[in-house]
Structures are given as C-alpha cells and as structure tokens.
There are 2 protein chains.
Amino acid sequence: MKVSQKGLYALQAMMMLARHYSQGAIRIRDIAYEENLPEKFLELILLELKNARIVESVRGAKGGYQLRRAPSEIYLSEIIRLIDGPLAPFGDAASLRELIDRDLPHRALYQVFLEVRDAAARILESTSLHDIANASETSIGKGKSRRKKKEPQVLPMVVHGGKGSQNA
Amino acid sequence: MKVSQKGLYALQAMMMLARHYSQGAIRIRDIAYEENLPEKFLELILLELKNARIVESVRGAKGGYQLRRAPSEIYLSEIIRLIDGPLAPFGDAASLRELIDRDLPHRALYQVFLEVRDAAARILESTSLHDIANASETSIGKGKSRRKKKEPQVLPMVVHGGKGSQNA
DNA sequence: ATAAAGCCTATTAACTTACTCGACTTTAAT
DNA sequence: ATTAAAGTCGAGTAAGTTAATAGGCTTTAT
C-alpha cells in the first residue's frame, strides 16, 4: 500500500475539515491556505471526496466544503482507499485470496501479503479523523489503550459530535 | 508500501532459488522458465540482487545464480526494500520520525503511518524465504504457531554469516 | 577456439503523478 | 436583474516511473 502526495493532501484537507467541523462550509481557498496545498489540485481531490459522499459541498457564494459525518465516524482507511486504492501491498484482498487458493506454488507469499494488508487495515479502519485531528490530544499510538471501533453514541441528545471517549 | 510487478518477480525468483538451494548455480533462463518471468527483465532484477549481495553469480559457461545465504536467513523485507523501497506507506521510517517531531499539526497522522510501517516490518522482517519457499510446508499464517526468527542452524560448522543470534 | 553463460548500458512505450487552465453553473447579496 | 463568489468539470501537460527489450561485452568450461 502506498499513500501518494495526493493521498496525503486529501488526509490533510480532511483533518482540517475535522478541526473546523460544525463551523459550516469552508472554502477550498481557505483549506488550501491553512494546509498549504495547491488550490486547483485540492479542488479535484475534494470533488472525489464529494462523489464518494465523504464530504459535501455548498455551491455559489458563501459556499465551500464540509464533512458529511462526524470526524469520529470517518476512518483513514476510507480516504486512503478512495485516493490510493487497496491497502494490500500487491493487488487487493479479494485477488490475494484468489491467488492463495489457485496459485499453489506462491500461496505462502500471497498469504504474507494478505497478512500485511490485514495489519494495515486493522490500524487504518480503527483510526478516525477525530483520533488524529487535534495533535494536542491523548498522545495517540504511544502508551496504552487506543483501538476501538465505534462507541455506540450513548448520549440521547444531539451534541453532534459524540467525539469518542476512549479511556477504559 | 507497494510491491511492484518487478518486486513480485524478484520474490518469485528468490523463492525459486530457495527451493533449489544447494543445487549450485541456476541459469537465468531456467529461473525465468520455471517461474514464468520475462527473461531479460529478470536478468536486471538478479543483477540488483547480486549488487545487494543477496545472491551471487557464477559467470561463463555452466554459470548461473544462487543465494548467498541460507533461505532461512533471507527475509522478505530485504528483497522488498531493495526493489520497492521503504516499507512505510509514505516516506520512510526516518523521515516519518522527523515529521512527527517537527510537523506538530500533522504529527498524529504521521504516527499512524509509522504504526503501519512497523506492523509491515514486523511481518516482513520475520518471514524468510525458507518460511514461504515450499507451499506444502507447515501451513503458514493459518493456524497457530508461526513467527520465529532464526532457527540457529545447529551445525557447529561455519554457517558463514554470524549475524546476531537472538533466541531467548 | 568456441559456445555458454552472465554483465551492462541504452532505449522505449505506456502509464501514472501532480499539477494547471479555463469555461461553465450555482447561489448570495445588492 | 446583476454581479461576484463560489464549486464543477473536461482538457491538457511535463516529468517521472514501470515494465520491459536490444545488443554488445566479458568471463569461463570444454
């Protein structure tokens, strides 16, 4: 799996939108400026993210982009898969499983590839924008806990961003 | 991290040489034939592997290629790093650590990248050609045990590579 | 000598990457 | 209704990478 420059831009833009979540639509220009990204290129990236229904746009004057879901509900895996393709180091999970079944001489190699992809998927499918959007946060990936999936939003009220309290 | 077609060819060729280990030098043509690889392209790949001292060549008539170390001493990480570069999904481990230190707004993202690279490294640095060379072997990555590092080559004789024996 | 090998440099077509350009459409504000 | 501020979208492009191929050179067993 490879994250391209474009993929990095996408992740940065999404982190920015996560930081400004519930501040309404943010202009491309402002995202580009704050994250130091090439504006026209970013435009294409946001379009892709919009078509994938991860962000939404507001057109016309006072328009811009915003996340369609809470930052805690958007996983890095989604963004990376969209922009850079499958997480496997070669092919994708499905084709690897095929090869494991059909290409007997090399099945052990493909199994290793699948293990690597599973390891990456475990990390990227359990890390959300919320987890990484504010650097000051609870250390991340250092000490102890970490790794949860959803935290079924116990609050009955809106609060719109039931962040995600990990701290067993 | 991405394994290219070239990288896959390299791994296949190395698996083939592992299967024929201690049968002396094998001609490029025979490797290409047995593994169904483009011969001239394979030649380039083997040259790189030779310059990296993973294989050695015997020139002239009756020449060919052979592994320079036992298959159990050659890890997939070496081959992949040589042909396809660092295991990290973006940049390499060193530059990621730099970014984690210096790019505060994005450090959590780079930390995730580093986690992914560490996970890949754990797998690829502990899987040797011996582990995958013979498909019929002890299942690999399925059931239970797996993951060992060296198997200290019980023979008291040379063993040629006194690297560093860990085996608590 | 000669044939069988690997060595090595160059070339290439196709593709990918990281962009930019500019015309078009939608919408808020006047 | 006009205008200016936005996103939309199709094209284009320079540079780089990938997956090869070609062919002459060198080494070595016989």
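Up top is the structure these notes are about.
Cut-off values and rules
- Residues numbered from 1 in each chain as written.
- Chains lettered and ligands numbered in written order.
- Predicted model: local features only at pLDDT ≥ 70, side-chain atom pairs only at ≥ 80, totals over all residues.
- Heavy atoms only, no water.
- Contact = heavy atoms within 4.5 Å.
- Buried area = accessible area lost by both parts, 1.4 Å probe.
- Salt bridge = Lys/Arg side-chain N within 4 Å of Asp/Glu carboxyl O.
- Polar contact = N/O pair within 3.5 Å; in protein donor to acceptor, adjacent residues only side chain to side chain.
- Helix = DSSP H or I, 4+ residues; strand = E, 2+ residues; numbered from the N terminus.
- Nonpolar A, V, L, I, M, F, W, Y, C, P; charged D, E, K, R; others polar.
- Buried < 20%, exposed > 50% of the residue type's maximum accessible area, 1.4 Å probe, protein only.
- Near = heavy atom within 4 Å.
- Least-squares fit on C-alpha atoms with pLDDT ≥ 70 in both.

A. Spotlight on the interface of chain A and chain B. Between chain A and chain B, the residue contacts involve 39 residues of the former and 38 residues of the latter. For the chain A and chain B pair, buried surface summed over both sides reaches about 3,300 Å², with 68% attributable to carbon and sulfur atoms. Area buried by chain A at its contact with chain B is led by Phe 90, Leu 109 and Glu 115 of chain A, which between them contribute 15% of it. Here chain A is connected to chain B by 0 salt bridges. Counting across the chain A and chain B interface gives 5 residue pairs in polar contact (both at pLDDT 80 or more). Every element with two or more residues in the side of chain A that touches chain B is listed here: helix H1 (5-19) and helix H6 (107-124) of chain A. In terms of residues, the side of chain A that touches chain B owes the most to one element, H6 of chain A, which gives 13 residues. Across the side of chain A that touches chain B, the residue classes tally to 23 nonpolar, 8 polar and 8 charged.

B. Highlighting the side chain of Thr 127 of chain B. The residue Thr 127 of chain B is located in the loop between helix H6 (107-124) and helix H7 (129-133) in this model. Classification of Thr 127 of chain B by relative accessible area gives buried; the value is 0%.

C. Looking closely at the pattern of salt bridges. All names here are of chain B. Considering all chains together, one arrives at 21 salt bridges over all chains under this definition. Close ionic contact of Glu 78 with Arg 69 constitutes a salt bridge, the shortest N to O distance being 2.7 Å. On the basis of relative accessible area, Arg 69 is assigned to the buried category, the value being 14%. A salt bridge links Arg 117 to Asp 118; the nearest nitrogen and oxygen atoms lie 3.0 Å apart. Taking the relative accessible area as the measure of exposure, Arg 117 reaches 15% and is therefore buried. We classify Asp 118 as partly exposed; its relative accessible area is 25%.

D. Focus on the protein's contact with DNA strand C. The full set close to DNA strand C counts 28 residues, and Tyr 9 and Lys 40 of chain A together with Arg 27, Glu 43 and Tyr 65 of chain B are the nearest of them. Those atoms of DNA strand C that come within 4 Å of the protein belong to sugar or phosphate at a rate of 63%. The side chain of Glu 43 of chain B places a nitrogen or oxygen atom 2.4 Å from a base nitrogen of DNA strand C. Elements represented by at least two residues in the surface near DNA strand C include exactly H1 and helix H3 (39-51) of chain A together with helix H3 (39-51), strand S1 (55-58) and strand S2 (64-67) of chain B. A total of 5 residues in the surface near DNA strand C trace back to one element, the largest contributor, which is H3 of chain B. Residue classes in the surface near DNA strand C are distributed as 12 nonpolar, 7 polar and 9 charged.

E. Representation of unusual backbone geometry in the model. Residue and element names in this part refer to chain A. Look at Asn 36: it is not a glycine, yet its phi comes out positive at around 60°. Even without being a glycine, Arg 53 presents a positive backbone phi close to 60°. Mapped onto the elements of the fold, Arg 53 is located in the loop between H3 and strand S1 (55-58). Given a relative accessible area of 51%, Arg 53 falls into the exposed group.

F. Spotlight on the relation of the copies chain A and chain B. In the superposition of chain A on chain B (RMSD 0.0 Å, axial shift 0.0 Å), the rotation amounts to 180°. The transformation just described matches what one would write down for a two-fold rotation axis. Scanning chain A for the C-alpha nearest the rotation axis identifies Met 1 of chain A, at a separation of 2.2 Å. Comparing interface residues between copies, 97% of those in chain A also lie at the interface in chain B; the contact surface is shared.

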